[in-house]
Every structure is written in C-alpha cells, then in structure tokens.
Amino acid sequence: MSTYSFQNQAFEIQQYDKQKTFASFLPGLAGKRGIPLWAFYVNRGQAISSFGVRDKNGAILEFFPANLAYTYVAATGFRTFIKQSGKVQEIFDVRENDRDRVMKITPAALGLEERRPEEGYLVKVRYFGLPTEDVAALVRRVEIQNITDHPISIEVMDGLAQILPSGIDYGTQKAISNLLRSWMNVEGLPDGFAFYKLRSSLGDEAETKAVKDGNFYVSYVDGELTTPIADVDLVFDY
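Rules used in this analysis
- Residues numbered from 1 in each chain as written.
- Predicted model: local features only at pLDDT ≥ 70, side-chain atom pairs only at ≥ 80, totals over all residues.
- Heavy atoms only, no water.
- Buried < 20%, exposed > 50% of the residue type's maximum accessible area, 1.4 Å probe, protein only.
- Helix = DSSP H or I, 4+ residues; strand = E, 2+ residues; numbered from the N terminus.
- Pairing = 2+ DSSP bridges.

S.K.: Which parts of the structure should I look at to understand the pairing of strand β7 (residues 78–84)?
M.R.: Looking along a regular strand, one sees the side chains alternate between the two faces of the sheet. The buried fraction of β7 is high, at six of seven residues. Note: β7 against strand β13 (residues 155–160), six bridges, orientation antiparallel. Within β13, the position partnered with T80 by the bridge is D158. Note: β7 against strand β8 (residues 87–91), five bridges, orientation antiparallel. Residue pairing across strands places K83 opposite V88, the latter belonging to β8. In sequence, β7 turns back onto β8 through a hairpin of two residues, with S85 there showing a positive phi of about 55 degrees.

Here is the structure:
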C-alpha cells in the first residue's frame, strides 16, 4: 500500500507518525451564524497541538510553533488509555511507532486510526469544528470497534491533558505559567461539565476584577453526559 493516497474523498497518510514532519490548520469556518475556531495540528501523537479563538492570546490548548509542537503534542494534547486484562496501554503512543496507523485529511475534518489486532480493537478519532452555533468549539469523536468475533472487556480514559482558562495571553503563559496556576479554577463539575476560568483578573493593579469568561469541556459516552476529570494529578500522579 502506498504511503500517500486519496480514497473516499480523503487524503490518507499511512504510518503518518513515521513520515516527514508537517503542520497545518483545520479550516476556521463555522457557517453564517457560527463562531470560528482555529486548530493547529501536526503529524505526531494525536495530531491536535493547539486550538483556540481569535489568535494565540485566545488559546484553549497552549500554542507551540511547529518544531516544539512535534515534541509536546503527545504530552499535553489529546491522549487515550485503554485497560484490558489488567494492562494499560496508550493509543497513538509515540514510543510505539510500529503500530498500524493512518491519518485521514478531508476539507472539513481530520481523522486518525490505530489498529491493534493483538488486543482485538480498532480506535478511530475524528476532529472537526462546531458549525452554526453561538459558541466556538472543537469536536472530537472517539470510536472503539471490536474487530474480533467474540466480546472483549476494556476500560477507557480519554481526554485533553491541558486546558487553559479564558483570559490568559500568550506571553504571560510562557513567562509565568506555574504562577498562573494560582488563578486557575474549574467550575461546573457537579453538573457534569468543566468550566475553566480565572478566579480574578491578572492585571498588576490595586483593585482586582471578577472574571466571568471561561472555556468549557463537555464529554458524552454513548450519548450520556459523563463528568470529566479536571485534576491532572488524578491521572498522572505527581
């Protein structure tokens, strides 16, 4: 099979994570009444390296230029862990670049696939923007298919390893990212969603101001709303 091909209206790259590095953007289109969102992706890890609204000062996932994105996307971007028979494996793990993987690029979406015949499943990931809505959002759909002729039992943990609250500019995040954590807060978890916002304004001034804007994360499993994990230490420990 050719490394590069065009099939079913999609440009396909076999073993995309072993090919020469490249970077691109998903189309920033959201229809006449929608709000566009930019998404920067690379052919490493699970592809999406950064996304946000307006510009780099409106990043929801921290922006890195391409040469750094190739390295950081696998750590701070989307990650998928599957536990089967007591063993945990990370899908699209950069340390396992001999896996059967493919990237599919269409005019409006980006797809990834990894086949694991030994474990008995196929993982499909698809990214696209949310059109014609009054909020800007990146949609990520993960599908796990049983490719065996018998039932299999798995546990799945999937999500984004970093989400920035609204109101953090590019330069400040680079300069004092650890200090900024003191201002960061997550609300809405009792209601089944995560709303990432700042506790107060960041300006160096005598009077602080309340911050109402935030970035949100909503997750569904088989159509049912599921409460996300907002504390990274619960996933990766110290």
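S.K.: Just to check I follow, could you spell out unusual backbone geometry for this structure?
M.R.: Note: most residues except glycine have negative phi, and most peptide bonds are trans. Despite not being glycine, T132 shows a phi value in the positive range, around 55 degrees. Within the element layout of this structure, T132 appears in the loop between β11 (121–129) and β12 (138–146). Residue T132 is classed as exposed on the basis of its relative accessible area, which comes to 53%. Even without being a glycine, D222 presents a positive backbone phi close to 55 degrees.

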